[in-house]
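Survey of secondary and tertiary structure
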Amino acid sequence: MSAQGHAEGIVIAIDGPSGSGKSSTAKGVARARELRYLDTGAMYRAMTWWMLDQGIDPNDAAAVAEASPRPVITLGTDPAAPTVHVDGTDVAAAIRTQEVTTNVSAVSAVPEVRERLVALQREVIERGRREASGIVVEGRDITTVVAPDAPVKIFLTASPEARADRRSKEVNAADIAATQADLARRDQLDSTRADSPLTQTADALELETSNLTLDEVIAIVVKLADEAAGAVEGSTPR
Ligand code: DC
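Because the structure is a prediction, the values reported are computed rather than measured. The numbering scheme is per chain: residues are counted from 1 as the chain's sequence reads. Under the rules for a predicted model, residues below a pLDDT of 70 receive no local features and side-chain atom pairs below 80 are neither given nor counted, while totals for whole chains, interfaces and linings still include all residues. For the side-chain quantities, the full set of heavy atoms in the structure was used; hydrogens and water were omitted.

**Some thoughts on helix H1 (residues 22-32)**
Only protein chains enter the accessibility calculation, which uses a 1.4 Å probe; a residue is then buried when its area is under 20% of its type maximum, exposed when over 50%, and partly exposed in between. Helix numbering and strand numbering both begin at the N terminus, where a helix is a DSSP run of H or I of at least 4 residues and a strand a DSSP run of E of at least 2. Within H1, the full set of buried residues consists of Lys22, Thr25, Ala26, Gly28, Val29 and Ala30. Just beyond H1, the residue with positive phi is Glu34, at close to 50°.

Here is the structure:
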C-alpha cells in the first residue's frame, strides 16, 4: 500500500531480442488490463536519433557519453497511442529508420547513456505504479537491472526465422535474409556488451513464441499478471 492508502500498481517486466514479440505483447497486455506501457527501446532509439541529428558519431563512445545528458526525452505511456518526443519534436517515425536501427546498439552500450535512461525509466515506472493500476515495461534489461523486483518477469524468445519474418513485416522489408542478418548482428552486440547485456535470469519465465499467436501470448501473460496481482492483494496486511 502507498502512503495514501491506495494499492500500488503492478509492474510487468518483459525482455527479449527484437522480433520476439515484446512490443505487441506488452501493448496487448497493457490494453487488456488498463495498464500503462513503456517501450524502453524507443528511449535508446530517441537518444541515437538525437546523436545523429547533432552530427555526433555513434561509435565515438566518449563523445556520446559527454553529450548524453542533453536531449530531453519524453515518452507517452498510453498503450493505444505511445508517443516519443526529443526536445519537443515528435520522433516516433524518425526513430524507426534503418540509420537509427544500425547505430542504436553502439549508443546503448555506453554506460552514461544507460545510467541516464534507466533513471528515467524508473521514474516512469514509479508513476505507473502510483497513478495507474501499473505498467508493462519492455526492453533488454528490465528483468535484470531496471525492475528486478517486478512480480511478473518474462523472457520472450522466438526462432531466428520467426523473428526475421515478423520484423520484415513490421518494417515492410522485402529481404528476409538481410533482416535476419541484421537481427543476428544486433543480438550479438546487445548480448555481449559489458554494461547490462541482454541476459535471461532463472526467475524470468521463458516464453517461446514461434508457434503461438499473439493473442495466445497475451493471454498467458495476462493470466500471470492476474495471479501475481491476486497474490499481492492476498498478502497485503489490513
Ligand atoms: O527493442 P528495440 O529493437 O526497439 O531496441 C533498440 C535497441 O535498444 C536494441 O538493439 C538494444 C537497445 N536496448 C537496450 O539496450 N536496453 C533496453 N532496455 C532496450 C533496448
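**What to know about the nonpolar core**
In terms of nonpolar packing, the biggest core is built from 37 residues, with Met43, Ile73, Val113 and Leu117 touching the most fellow members. Tallying contributions element by element places helix H2 (residues 40-53) first for this core, with eight residues. The contacts of Leu117, once residues within four sequence positions are left out, are Met43, Tyr44, Met47 and Ile73. Core analysis: the next-biggest nonpolar cluster, separate from the first, contains 19 residues, Ala26, Ala30, Val221 and Ala225 among them. As used here, the term nonpolar core means buried Ala, Val, Leu, Ile, Met, Phe, Trp, Tyr and Cys residues forming a set that is joined through side-chain atoms within 4.5 Å. By definition, residues are in contact when any of their heavy atoms lie within 4.5 Å.

**A few points about the side chain of Thr143**
Examined against the element boundaries, Thr143 turns out to sit in helix H6 (residues 142-146). When near neighbours in sequence (up to four residues on either side) are disregarded, Thr143 contacts Ala13, Asp15, Pro148, Lys153, Ile154, Thr201 and Ala204.

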